Amino acid sequence: MNRYQIRPGLHFWLKGREYVIKQQLANGELQICEVVTEVLSRITYTALVQFLFREELELQSTESFGVVKRKANETQADFTQLPEEIRFEAKRKYSYVSFVLEQDIPQRTPASLQPIIEQVSEQINDLSPPNWLTLYRWLKAYESSGQDIRSLVPKHKYKGDYRPKLEKEVIQIIDSCIQEIYLNPSRPDMADVHDEILRQIRQENLTRASIGQKALEIPHRSTIYRFASKLDPCVVAKKRLGNRKV
């Protein structure tokens with residue numbers, strides 16, 4: 001283990017997931033971060049050694065990090081360097097894919113995948129969950145790439161400037177609908193927010209058309225979800241659950 005110089009910045013694979021050591025803690029533990037989800041956790045040096053000797057862990061030097069199997073495109077950018085919108089979409093897909101892989105189900109059928117889709121979509125509050133066939137394709141792409149998170153990003157999104165350019169009127173409508181509908185004790189889901197945003201934008205576009213103004217672009221569902229995901233969890237709980245304990 002010493003030859004790997006265990007230190008912050010070192011990447012390793014554990015049970016099919018990629019981690020990076022963030023810092024060494026005073027109590028002998030290591031703070032680690034899963035690269036895809038960016039979730040922080042802790043592991044002891046002893047546990048790291050045990051995983052290594054059970055051949056469940058693979059260490060990689062910082063020089064070799066990123067050298068993974070690719071089917072075709074050798075010029076794809078490092079995942080961490082991709083625009084936030086692209087990484088957000090890839091992580092959404094990864095939430096479903098990783099759950100299926102953790103369950104290790106023998107057959108991927110509508111009957112086996114649909115309950116997983118429903119469970120994950122509720123956990124991450126996904127207003128646009130995939131159907132079972134779409135999830136099946138994500139799984140095939142992910143596994144065929146050697147479990148490369150970039151396989152979950154549509155290839156065309158590597159080209160050009162993908163940064164969202166929302167008109168201020170659209171942003172105002174999104175914020176207003178989230179505040180008035182989602183942050184409500186009746187606890188409506190994001191699908192209701194999405195529907196109301198579409199209704200208001202379409203109504204606004206009718207008015208704009210009557211006076212010769214350019215129509216507002218309708219935002220993608222993932223964009224609306226991204227706005228909601230940035231809300232303070234404490235504020236969400238207070239607004240949606242009221243005085244109930246959380």
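Residues numbered from 1 in each chain as written. Predicted model: local features only at pLDDT ≥ 70, side-chain atom pairs only at ≥ 80, totals over all residues. Heavy atoms only, no water.

## Topic: the overall build of the protein
Alright, step 1. Scanning the protein from N- to C-terminus turns up 8 helices and 5 strands.
Alright, step 2. The linear arrangement of helices and strands in the protein, starting from the amino end, is β-β-β-β-α-β-α-α-α-α-α-α-α.
Alright, step 3. Within the protein, the fraction of its 246 residues that count as buried is 39%.
Alright, step 4. With an accessible surface of roughly 15000 Å², the protein has 50% of that area assigned to carbon and sulfur atoms. (Helix = DSSP H or I, 4+ residues; strand = E, 2+ residues; numbered from the N terminus. Buried < 20%, exposed > 50% of the residue type's maximum accessible area, 1.4 Å probe, protein only. Areas by Shrake-Rupley, 256 points an atom, 1.4 Å probe, with all protein chains shown as cover.)

## A look at the environment of Lys 140
Alright, step 1. By the secondary structure assignment, Lys 140 is in helix H4 (residues 132-144).
Alright, step 2. Considering only alpha carbons, one finds Lys 140 and Val 97, 43 residues apart in sequence, at a separation of 9.6 Å.

## Structural notes on the layout of surface pockets
Alright, step 1. Taken as a whole, the largest pocket spans an internal volume of roughly 760 Å³.
Alright, step 2. In terms of lining, the largest pocket is formed by 26 residues, of which the most central are Gln 123, Ile 124, Asn 125, Tyr 225 and Ser 229.
Alright, step 3. When residues of the lining of the largest pocket are traced back to their parent elements, those giving at least two are helix H2 (84-103), helix H3 (110-124), helix H6 (190-210), helix H7 (221-229) and helix H8 (233-241).
Alright, step 4. Here the lining of the largest pocket gets 5 residues from one element, more than from any other, and that element is H2. (1 Å grid on protein atoms, 1.4 Å probe; cavity = no way out; pocket = protein on both sides within 12 Å on 5 of 7 lines; lining within 4 Å. Points joined across faces, edges and corners; volume = space filled by probe spheres on them.)

By themselves, these are just geometric observations and shouldn't be taken as functional.
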